[in-house]
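# Fold and contact review
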Amino acid sequence: MIIDTHCHLDKRDYDNLESVIMNMSNDIMIASGADPKDNKNVIDLVNNYQNIYGTIGIHPEFANTYTEDDLKFIEDNLSNPKIVGIGEIGLDYHWVSDNKEEQKQLFIRQIRLAKKYNKTIVIHSRDAASDTLDILKQEYDGKLKINMHCYSYSIETAKELLKMNVKFGIGGVITFKNSKKIKEVVDYLSLSDIVLETDSPYLTPEPYRGKKNNPKNVYIVAEKIAELKDKNIEIVINTTTKTALSQFDLSL
Ligand code: NI
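Residues numbered from 1 in each chain as written. Predicted model: local features only at pLDDT ≥ 70, side-chain atom pairs only at ≥ 80, totals over all residues. Heavy atoms only, no water.

### Brief notes about the layout of surface pockets
Threshold: A cavity here means a set of 1 Å grid points, computed over protein atoms only, where a 1.4 Å probe fits but cannot escape. A pocket is an open set with protein on both sides within 12 Å along at least 5 of 7 lines, and lining residues have an atom within 4 Å of a point. Grid points are joined across faces, edges and corners, and a volume is the space filled by probe spheres set on the points. Counting from the N terminus, the helices are DSSP H or I runs at least four residues long and the strands are E runs at least two residues long. Think of it as three bins: nonpolar holds Ala, Val, Leu, Ile, Met, Phe, Trp, Tyr, Cys and Pro, charged holds Asp, Glu, Lys and Arg, and polar takes everything else, Gly as well.
Quantified by volume, the largest pocket comes out at close to 980 Å³. At the level of secondary structure, the elements contributing two or more residues to the lining of the largest pocket comprise helix 2 (36-48), strand 4 (83-92), strand 5 (120-126), strand 7 (167-170) and helix 7 (180-188). Looking at the lining of the largest pocket residue by residue, the class counts come to 16 nonpolar, 12 polar and 12 charged.

Structure (structure tokens):
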């Protein structure tokens, strides 16, 4: 059994969503919410499919537009046992960096919600390594479970994150020819600190780059990690599955 710890399963993205889900019927997916509309979709998915769990959260791109009702929706749904985390949340200075304060506020509010309800946080962080680290160091209480989705920073940053027992989401980028930095990070990390993800429908691995991604491609990610770490693919799948089960407190 393999676990795709981060994918977006939205009818708007797939004409054949049902078959995309059925292709993973022996495996597990964690559907990730990002905006309020996605969050409602995630609730429907986890209630309808046994092998889909979910995280709900407000992505930093909505830092200036989210409402208190949107946050309340998240809080109200954390009692659903199949909602296993708050995410994706974080900081993204890549496209917009003139609202850093608002982004940080929203990030911190959701981290505190996660601590209050004992949920894992799933972090989206782009071009914001040092602010992300600062906030995590400030908020980390020794118990908070942290997932760095689509990890893209340096080994040095990873070392700091490991002190907070962070797990690293590795996806299709690892198969790209120009992804030297993330390959070095994967080489550095222990296999037990890695969880697999696809970020479907985005970040399709080679050799399908350019096409729409789907959770089944998580096997390609596992295969690439096995190659890079010179391990058997079964070991990669078993180890990352074990880490994901514990990171998200999945009760199967
Ligand atoms: Ni995502």
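Having seen it, we continue.
### Comments concerning the nonpolar core
Here is the rule: Nonpolar core, defined: a set of buried Ala, Val, Leu, Ile, Met, Phe, Trp, Tyr and Cys residues in which side-chain atoms within 4.5 Å join the residues together. Classification of residues uses two cut-offs on accessible area relative to the type maximum, computed with a 1.4 Å probe and protein chains only: under 20% is buried, over 50% is exposed, and between them is partly exposed. We call two residues in contact when some of their heavy atoms are within 4.5 Å.
Core analysis: the largest hydrophobic core is formed by 67 residues, its most contacted members being I52, I121, L136, Y151, L161 and I225. The greatest single-element share of this core, amounting to six residues, is contributed by helix 4 (residues 100-117). Sequence-distant contacts of L136, that is, excluding residues within four places in its chain, are made with F107, I111, I121, I123, I146, L161 and M164. Counting residues in hydrophobic clusters, the runner-up holds 10 residues, among them I28, V122, A244 and L250.

### A few points about helix 2
For the record, the criterion: Helix span is expected to be 1.5 Å times the residue number reduced by one.
Across its 13 residues, helix 2 extends 19 Å between first and last C-alpha, which sits within 8% of the 18 Å expected from 1.5 Å per residue. Every buried residue belonging to helix 2 is among D38, N39, N41, V42, I43, L45 and V46, and all of these are buried. Along its buried surface, helix 2 packs onto helix 1 (17-22), strand 2 (28-32), strand 3 (52-56), helix 3 (68-77) and strand 4.

### Topic: the packing of aromatic side chains
Defined as follows: Centres within 6.5 Å make a pair out of two Phe, Tyr or Trp rings, where for Trp the six-membered ring is used; the pair is then stacked when the planes are under 30 degrees apart, edge-to-face when over 60, and tilted otherwise. The criterion for a charge sitting over a ring is simple: Lys NZ or Arg CZ within 6 Å of the ring centre, and within 35 degrees of the ring normal.
Applying the stated criterion to the full structure yields two aromatic pairs. Relative to Y153, the ring of Y151 lies with its centre 6.0 Å away and its plane at 90°, an arrangement referred to as edge-to-face. Since its relative accessible area comes to 4%, Y151 is described here as buried. Seen from their ring centres, Y151 and F168 are 4.9 Å apart, and the 90° between their planes marks the pair as edge-to-face. In this pair, Y151 is assigned in the loop between strand 6 (146-148) and helix 6 (155-162) and F168 in strand 7, connecting sequence segments 17 residues apart. Each of the two residues, Y151 as well as F168, counts as buried. Grouping aromatic residues by their ring pairs yields a cluster made of Y151, Y153 and F168. Taking NZ or CZ as reference, K40 lies 5.0 Å from the ring centre of F73, over its face. Lying across the ring of Y93, K100 places its NZ or CZ 4.7 Å from the centre.

### Digging into unusual backbone geometry
The residue after S200, namely P201, is reached through a cis peptide bond having omega 5°. Looking at where P201 falls in the secondary structure, it is placed in the loop between strand 8 (194-196) and helix 8 (218-228). Cis geometry marks the peptide bond from E206 to P207, where omega comes out at 5°. Even without a glycine there, the phi angle at N118 is positive, about 60°. Considering the arrangement of structural elements, one finds N118 in the loop between helix 4 and strand 5. Residue classification places N118 among the exposed positions, given a relative accessible area of 59%. At L203, a position not held by glycine, the phi torsion is positive, near 50°. Assignment of secondary structure puts L203 in the loop between strand 8 and helix 8.

### Description of the side chain of S179
Quick note on the threshold: Within 3.5 Å is the distance limit for a polar contact, defined as a pair of N or O atoms, with the added protein rule that one can donate a hydrogen and the other accept it, and that residues adjacent in sequence qualify only through two side-chain atoms.
Mapped onto the secondary structure, S179 falls in the loop between strand 7 and helix 7. For S179, a relative accessible area of 6% puts it in the buried group. Reaching out from S179, the side chain makes a polar contact with the side chain of K183 at a distance of 3.1 Å. Beyond its immediate chain neighbours, meaning those up to four positions away, S179 contacts V173 and I174.

### As for the sheet that holds strand 3
Here is the rule: When DSSP finds two or more bridges between a pair of strands, those strands are recorded as paired. In this description, a line fitted to the C-alpha atoms serves as the axis of each element, helices being fitted only across the stretch in contact, and the angle between N-to-C directions of two axes falls anywhere from 0 to 180 degrees.
In spatial order, the strands read 1-2-3-4-5-6-7-8; together these eight strands make up an open sheet with parallel pairing. What marks the edges here is a single partner per strand, and that holds for strand 1 (3-7) and strand 8. Ignoring strand direction, the axes of neighbouring strands in this sheet form an average angle of 30°. Here strand 2 pairs with strand 3 via four bridges, running parallel. Across the sheet, A31 pairs through a bridge with G54, a residue of strand 3. The sheet contacts of helix 4 involve strand 4 and strand 5, and relative to strand 4 the element is tilted by about 160°.

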